[in-house]
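Residue-level structure breakdown
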Amino acid sequence: MRQKAKEIEQEIREYIDPVKREYLPKFFKTGKGQYGEGDKFLGVVVPNTRLVAKRHKEVPFEVMAELLQSEWHECRLCALLMLVERFKKSDEKEQKSDL
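Report follows, based on the coordinates. Computed from a predicted model, the values in this text were never measured in an experiment.

**A closer look at unusual backbone geometry**
Here Lys29, not a glycine, exhibits a phi torsion of approximately 50°, which is positive. Looking at the element boundaries, Lys29 is found in the loop between helix H2 (18-27) and helix H3 (46-55). Since its relative accessible area comes to 38%, Lys29 is described here as partly exposed.

Next comes the structure, spelled out in structure tokens:
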């Protein structure tokens, strides 16, 4: 599972924008004492993160859980977007089941 999570992270990294990498920490107030203190950004915009999530929405939940533990904001967001995609495509029984 760890390898698949690394592959997805690498795919996200292909969309890094150096300008956004500088801008996003300021926008999300990641400085000391600010509400996003300590959050780290690769510099990938949400539409590109969403593309990666849609491509990998069928990965096992363990892979998503691995991404949720990432130090990178975009990896955690990707995992959440994968869960949303999976939920939208599932039937009512699957939506109510425990993971």
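Still to come is the rest of the account.
**Let's talk about the packing of H3 against helix H5 (residues 73-89)**
For any two helices packed against each other, the geometry is given by the interaxial angle and the distance between the axes. Two elements in contact, H3 and H5, have axes separated by 8 Å at closest approach and are oriented at 55°. Accordingly, the angle class assigned to the pair H3 and H5 is oblique. Here H3 and H5 pass one another in a crossing that is right-handed. Contact residues: Val46, Thr49, Arg50, Val52, Ala53 and Lys54 in H3; Glu74, Leu77, Cys78, Leu81, Met82 and Glu85 in H5.

**Looking at the environment of Leu68**
As for its position among the elements, Leu68 is in helix H4 (residues 61-68). Overall, the relative accessible area of 32% leaves Leu68 in the partly exposed class. Look past the residues within four positions of Leu68 in its chain and what remains in contact with it is Arg76, Ala79 and Leu80.

**Section: the packing of H4 against H5**
Two numbers describe how H4 lies on H5: the axes approach to 7 Å, and their chain directions differ by 150°. One way to sum up the angle between H4 and H5 is to call them roughly antiparallel. The two elements H4 and H5 cross, and the hand of that crossing is left-handed. Between H4 and H5, the contacting residues are Phe61, Met64, Leu67 and Leu68 on the first element and Cys75, Arg76, Ala79, Leu80, Met82, Leu83 and Arg86 on the second. Considering only residue class, the contact of H4 with H5 consists of 9 nonpolar, no polar and 2 charged.

**A short note on H4**
Turning to H4, its buried residues number three or more, namely Val63, Met64 and Leu67. Taken end-on, H4 shows its buried residues confined to a sector of 100°, consistent with a single buried face. Contact partners of the buried residues in H4: helix H1 (2-13) and H5.

**Brief notes about the nonpolar core**
Core analysis: the biggest nonpolar cluster contains 17 residues, and Ile8, Ile12, Val59, Leu67, Cys78 and Met82 have the highest contact counts within it. Elements with a minimum of two residues in this core: H1, H3, H4 and H5. Looking at this core, the element that brings in the most residues is H5, giving 5 residues. Setting aside residues up to four positions removed in sequence, Leu67 forms contacts with Ala5, Ile8, Cys75, Arg76, Ala79 and Met82.

Conventions we followed
Residues numbered from 1 in each chain as written. Predicted model: local features only at pLDDT ≥ 70, side-chain atom pairs only at ≥ 80, totals over all residues. Heavy atoms only, no water. Helix = DSSP H or I, 4+ residues; strand = E, 2+ residues; numbered from the N terminus. Buried < 20%, exposed > 50% of the residue type's maximum accessible area, 1.4 Å probe, protein only. Axes fitted to C-alpha atoms, helices over the stretch in contact; angles between N-to-C directions. Parallel < 35°, antiparallel > 145°, perpendicular 65-115°, else oblique. Left-handed = near helix turned anticlockwise from the far one by under 90°. Contact = heavy atoms within 4.5 Å. Nonpolar A, V, L, I, M, F, W, Y, C, P; charged D, E, K, R; others polar. Arc of directions from axis to C-beta. Core = buried A, V, L, I, M, F, W, Y, C linked by side-chain atoms within 4.5 Å.

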